[in-house]
Amino acid sequence: MKSNSEIKSFESENEARILLEESRKRIDEIDNALFDLISQRTSLAKDIALSKEYLGMPVYDENREKEVHRKIEKFAEDNNLDVDVIDQIVNLLTILNKNEQKEILRRNVNGQY
Ligand SMILES: C=C(O[C@@H]1C=C(C(=O)O)C=C[C@H]1O)C(=O)O
């Protein structure tokens, strides 16, 4: 990701307001796309949980999480993003997925699948 640190010179206050408004609209669009992707990622928990249960594997897989973190950390470094913050985001994504898996398995025990 390129940093936008180049000096920007505005011709008028109006121009700055328009740029702010347009940038916020774009952020809203990106947030919608991100939430959709997070939802898609989390919804894979069902297939993953049921496969692991059949294979006798636990929900938490340390090696796989290390692999996911390594991949994302490389992406963060290549794109000039704060690796610690990106790591926290990945932690939250894995928590969402594991909680969903646990919920699926709990429902499965109760015969809801
Ligand atoms: C999704 C999985 O289950 C857990 C969640 C992970 C994730 O959200 O990336 C990774 C490893 C597991 O701890 C998996 O094993 O692939």
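By the naming in an unreviewed UniProt entry, the protein chain is Chorismate mutase, taken from Methanobrevibacter thaueri.

(A) Quick peek at the site of the ligand. Lining the immediate environment of the ligand, one finds I48, Y60, D61, R64, E65, V68, L93, T94, N97 and K98. Counting residues per element, the ones that place at least two in the shell around the ligand are helix 3 (62-78) and helix 4 (83-109). Here the shell around the ligand gets four residues from one element, more than from any other, and that element is helix 4. Taken together, the residues of the shell around the ligand break down into four nonpolar, two polar and four charged.

(B) Region of the structure containing helix 4. Given a rise of 1.5 Å per residue, 27 residues ought to cover 39 Å, and the 39 Å separating the end C-alpha atoms of helix 4 matches this to within 8%. What helix 4 keeps buried is the set N97, Q101 and I104.

(C) Region of interest: the environment of N108. Position of N108 among the secondary structure elements: in helix 4. Placed 82 residues apart in sequence, N108 and R26 show a C-alpha to C-alpha distance of 41 Å.

Scoring rules and cut-offs
Sequence order as written defines the numbering, with residues in each chain counted from 1. In keeping with the predicted nature of the model, local features appear solely for residues at pLDDT of at least 70, side-chain atom pairs appear and are counted solely at 80 or more, and the whole-chain, interface and lining totals rest on all residues. What makes a residue near a molecule or strand is its C-beta atom, placed from the backbone, lying within 6 Å of it. Per the convention used, a helix needs a DSSP run of H or I reaching at least four residues, while a strand needs a run of E reaching at least two, with both numbered from the N terminus. Put simply, Ala, Val, Leu, Ile, Met, Phe, Trp, Tyr, Cys and Pro go in the nonpolar bin, Asp, Glu, Lys and Arg in the charged bin, and everything else, Gly too, in the polar bin. Multiplying 1.5 Å by the residue count of a helix minus one yields the expected span of that helix. For every residue, the other C-beta atoms within 10 Å of its own C-beta are counted; 20 or more classify it as buried, 12 or fewer as exposed, and values in between as partly exposed. C-beta atoms are placed from the backbone.

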